[in-house]
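# Structural characterization, general
So the chains spell out like this:
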Amino acid sequence: MTFRNLINDLNLTDHLNDEVVQITAKEIFTSCKDLLGATCGYISLLSEDGKENKALYADPGSLIDRVDPTLPMPIRGLRDIAYKKGKPVFQNCFPDSQWMKNIPKGHILIKNVLFAPLIINNSTIGLIGLGNKEGGFTDFDANVAASFGRLVAVTFNNMNIMQKLRTQEELFHSVVETASNAIICLDAQGRIAYWNNAALKIFGYSGDEVLGRSINLIIPESIHATHEKALREAITGDRLKHFGKIIPVNGLKKDGTCFPLEVSIAKWRNRDQAYFTAILRDVTERILMEQSLREKDEQIRSAFEYAAVGMIIISLDGNFIKANYSFCDMVGYSFEELKGKKCNEITHPDNSAEEVLLTKKLFSGEINSYQIEKRYKSKTGQTIWVSAHVSMAYTENETRYLVAQVRDITERKEAERELLRATEELKRTNRDLIKINNYKSDFLANMSHELRTPLTAILALSGEMLTQRNGTLNNVQLKYMTNVRNSGEKLLTLIDELLELSKIDSGRIFLNFSEVCVGLITEEVIQVLKPLANQKSIKINSHIKDTVNIIADSNKVRQVIMNLLGNAIKFSPPKSEIMIEVVNRSFPEKGIVLKVTDSGPGVPPDEQELIFEPFYQVDHGINRKYQGTGLGLAMVKKIVDLHLGTVSVENLPSGNGAVFTVFWPTHPCFEEDLD
């Protein structure tokens, strides 16, 4: 042991201000001084660096010492000789010696001096210094002083050992009492000799309640006999199989609760008496957590194994690690058969290159996952289309592997192929229908020309005869000729409507856009149809606000209003009322709203969309009450659609009457076209 280690181990310099140490040093020094007849002196300890003395106690005697006794004393002169030799030295003619030059100013007069070393483990740790003995010091005095030096050293050493024991005891007590585990000591009879705070928290007993009582107090009765047998074996043997190991046991709380513990046991002796120390840990929460984790693991395993979709885990080199039942059923292999295969062995060759590229991107971190539609070859050789979502996963030790969810989309792929075939067939059919429709339009255009020529002659001749300029007609002739004229006009209207409808269907109609005031056109139409309304004593009410102009074909707008108002007059009973409204709308789209409300029978809800189809009439049958071609509302719908507007119908809450609503938008593209 080095000098520095010895000084640090003894901690002597830490006790310079310790009152007990100083009193002890004073008593020993005084006894030595009085015995030898010295009148002054001191006891000092060596500093940690070994270069200076530090005074533990100093006695100047009857003289006045003007030097601060607490100041360090350098190791030099006779002190240095005493330290190096480890033996007492003295000088009886000190004022005439070479050492006198080392005495500081203000120091008491020294006639003679003796230094005796304090030695522990063959190392000098300090000095006893004595001075001014009448007649001087002798070898006998040196030996006596050396004995006192050994006494001082032994005393300091014993005091230091006791201090260390107290410190270690406090440290042990602090560690044990703040430990989270219960620490219990038992004697050879199984009685509790020590009980820490954690034991109180775990078992519910205080130390006063358990000290001196049998350990069976905290052990379930069912294992008392087993414990007593183990205790007897432990007393007679030093090396038992359970010593130093963690053992699962059950404990018993003060309230009677039985709970799981882990215990580690050690045996030790004190004065030939056997003792046992047990460290116990309450593992209730850990066991519950482990059980919860096992349940979660089982849930995850079950979710994997019995998932409705295929689930597979693949190593980085492409080997199957795990596959669930759905995937095995999908490809026709058992998991035992798949374990000996790589994934690309059952993958269609046409899909391998794409999947290899995606997997490389996944490995490099360029993507987090990928989805691919690919084909597998089943065990029976059947091609199976699947959609696979693949991602990277990691184990606790950072091992990487691939996890894939696989769905069988074979039926969907077959449906897509069938849909594609049906789409192509539908396109061919549509092209044929377009041709047929064009043929129809051409036919109607030609027929209208062929019908107009004789019909124009019929209308002209019947009109001439009705003027009776070429002869007077009797009543029967007048009636017949009027019927001819009216029928011809209806037939001409029907031909015009059919022709216009055909043009719209074939895309051969052209709209003449301009700024149109819907309110003004509505008022004009009301004036035109008012005589027709008057024939049935129907009152036409109007509510027309100052409206913005829209971009539209004015003739088509007039035709729409004419058809809607004409229908309202036709279906409203005599002496009823009709309301026509024209207002602005700014939200959700800017434009004009036209509403025509009649007093007729209304439109059944299931026919409210059908009435806008050509030739459809709510009043079915040969003997229907309301006559017409069924083309008026179809024309309204076609014209409004051309203007990117909407038309709809709904019945009044009373059930008598219907409301036809038309919206014409102010569309920006039309404004650009107009510019």
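All values reported here derive from a predicted model rather than from experimental measurement. (Residues numbered from 1 in each chain as written. Predicted model: local features only at pLDDT ≥ 70, side-chain atom pairs only at ≥ 80, totals over all residues. Heavy atoms only, no water.)

## Here's the deal with the pairing of strand β15 (residues 383-394)
Of the strand pairs in this sheet, strand β14 (residues 369-377) and β15 are connected by nine bridges, and their pairing is antiparallel. Opposite I372, over in β15, you have A388 as the bridge partner. Between the antiparallel neighbours β14 and β15 lie five residues, among them G381 with a positive phi of about 90 degrees. (Pairing = 2+ DSSP bridges. Helix = DSSP H or I, 4+ residues; strand = E, 2+ residues; numbered from the N terminus.)

## Side note on the environment of I367
Relative to the helices and strands, I367 resides in the loop between α11 (349-364) and β14. Among the residues examined, I367 registers a relative accessible area of 23% and is labelled partly exposed. With 24 residues separating them along the chain, I367 and S391 place their C-alpha atoms 9.1 Å apart. Other than its neighbours up to four places away in sequence, I367 contacts L358, K361 and L362. (Buried < 20%, exposed > 50% of the residue type's maximum accessible area, 1.4 Å probe, protein only. Contact = heavy atoms within 4.5 Å.)

## A look at unusual backbone geometry
Excluding glycine, residues mostly have negative phi values, and the peptide bonds linking residues are mostly trans. Phi is positive for N132, which is not a glycine, with a value near 60 degrees. Relative accessible area serves as the criterion here: at 11%, N132 is assigned to the buried category.

## Structural notes on the sheet that holds strand β18 (residues 539-544)
The sheet built from five strands is open, its strands ordered β18-β20-β21-β23-β22 with mixed pairing. For this open sheet the edge positions go to β18 and β22 (646-651), each flanked by a neighbour on one side alone. Each strand axis lies, on average, 15 degrees off the axis of its neighbour in the sheet, ignoring direction. Pairing between β18 and strand β20 (residues 577-585): six bridges, direction parallel. Its bridge partner lying in β20, I544 is registered against V582. Across the sheet, helix α14 (residues 518-535) is in contact with β18, β20, β21 (591-597) and β23 (658-665); its angle to β18 comes to roughly 175 degrees. Sheet contacts for helix α16 (residues 632-642): β22 and β23; angle to β22, the most-contacted strand, approximately 135 degrees. (Axes fitted to C-alpha atoms, helices over the stretch in contact; angles between N-to-C directions.)

## Regarding the packing of aromatic side chains
With the rule as written, the count across this model stands at nine aromatic pairs. When the ring of Y306 is compared with that of Y325, the centres are 5.3 Å apart and the planes differ by 45 degrees; the resulting orientation is tilted. Within this pair, whereas Y306 is found in the loop between α8 (284-305) and β12 (310-314), its partner Y325 is found in helix α9 (residues 325-331), the two being separated by 19 residues in sequence. On the accessibility criterion, Y306 (56% relative accessible area) is exposed. On the basis of relative accessible area, Y325 is assigned to the partly exposed category, the value being 46%. Within the aromatic cluster, the residues linked to one another by ring pairs are W195, F203 and F259. Sitting over the face of the ring of F259, K253 holds its NZ or CZ atom 4.2 Å from the ring centroid. Over the ring of W385 we find K413, and its NZ or CZ is 4.5 Å from the ring centre. (Phe/Tyr/Trp six-rings, centres within 6.5 Å; stacked < 30°, edge-to-face > 60°. Lys NZ or Arg CZ within 6 Å of the ring centre and 35° of its normal.)

## Description of the pairing of β20
Pairing of β20 with β21, which is carried by seven bridges, proceeds in the antiparallel orientation. Paired with I580 across the two strands is V596, which belongs to β21. Joining the antiparallel neighbours β20 and β21 is a turn of five residues.

## Comments concerning the packing of helix α2 (residues 19-36) against helix α4 (residues 139-178)
Axes are the key here: two packed helices are described by the angle between their axes and the distance separating the axes. Put simply, α2 and α4 touch, their axes get as near as 10 Å, and they point 165 degrees apart. It follows from the interaxial angle that α2 and α4 lie roughly antiparallel. Crossing angle aside, the handedness with which α2 passes α4 is right-handed. Where α2 abuts α4, its residues V20, V21, T24, A25, I28, S31, C32, L35 and L36 lie against D141, V144, A145, F148, L151, V152, T155, F156 and M159. Taken together, the residues of the contact of α2 with α4 break down into 14 nonpolar, three polar and one charged. (Parallel < 35°, antiparallel > 145°, perpendicular 65-115°, else oblique. Left-handed = near helix turned anticlockwise from the far one by under 90°. Nonpolar A, V, L, I, M, F, W, Y, C, P; charged D, E, K, R; others polar.)

## What to know about the sheet that holds strand β9 (residues 246-252)
Read from one edge of the open sheet, five strands run β8-β7-β11-β10-β9, paired in antiparallel fashion. Sheet topology places β8 (192-195) and β9 at the edges, where each strand pairs with a single neighbour. Neighbour-to-neighbour, the strand axes of this sheet turn through a mean angle of 35 degrees, independent of strand direction. Of the strand pairs in this sheet, strand β7 (residues 182-187) and strand β11 (residues 273-282) are connected by six bridges, and their pairing is antiparallel. Residue pairing across strands places A182 opposite L280, the latter belonging to β11.

## Considerations on the confidence of the model for the chain
Here the chain averages 82 in pLDDT, while 87% of its residues score no lower than 70. Predicted confidence in the chain is weakest over helix α1 (residues 3-10), with a mean pLDDT of 42, and strongest over strand β4 (residues 89-91), with 94. Long-range and interchain partners of residues 1-10, a stretch whose pLDDT sits below 50, account for 25 contacts in this model, where long-range means more than four residues apart. Within the model, pLDDT remains below 50 along residues 670-675, and this stretch shows eleven contacts once partners closer than five positions in the same chain are excluded. (pLDDT = per-residue confidence, 0-100.)

## A word on a nonpolar patch on the surface
Judged by side-chain polarity, I161, M162 and L165 come together as a nonpolar surface patch covering roughly 270 Å² of accessible area. Position of I161 among the secondary structure elements: in helix α4. (Patch = residues over 30% accessible without salt bridge, like charges linked within 9 Å, V, L, I, M, F, W, Y side chains within 5 Å. Areas by Shrake-Rupley, 256 points an atom, 1.4 Å probe, with all protein chains shown as cover. Salt bridge = Lys/Arg side-chain N within 4 Å of Asp/Glu carboxyl O.)

## Considering the pattern of salt bridges
What the rule picks out here adds up to 24 salt bridges. Two residues, E336 and K339, come together in a salt bridge whose shortest N-O distance is 3.3 Å. Across the pair E424 and K427 runs a salt bridge whose closest N-O atoms are separated by 3.9 Å. One end of the pair, E424, and the other, K427, are both in helix α12 (residues 410-467), three residues apart, so they sit about a helical turn from each other. Accessibility expressed as a relative area gives 33% for E424, which makes it partly exposed.

## Some details on the nonpolar core
Within the largest apolar cluster, 38 residues are counted, with the highest numbers of intra-cluster contacts made by I561, L564, L594 and W664. Listing elements by their share of this core, those giving two or more residues are α14, β19 (550-553), α15 (554-571), β20, β21, α16, β22 and β23. Apart from the residues within four sequence positions on either side, L564 is in contact with L594, V596, L633, V636, F660 and V662. Counting residues in each nonpolar core, the second largest holds 26 residues, with I28, L36, L114 and I128 among its members. (Core = buried A, V, L, I, M, F, W, Y, C linked by side-chain atoms within 4.5 Å.)

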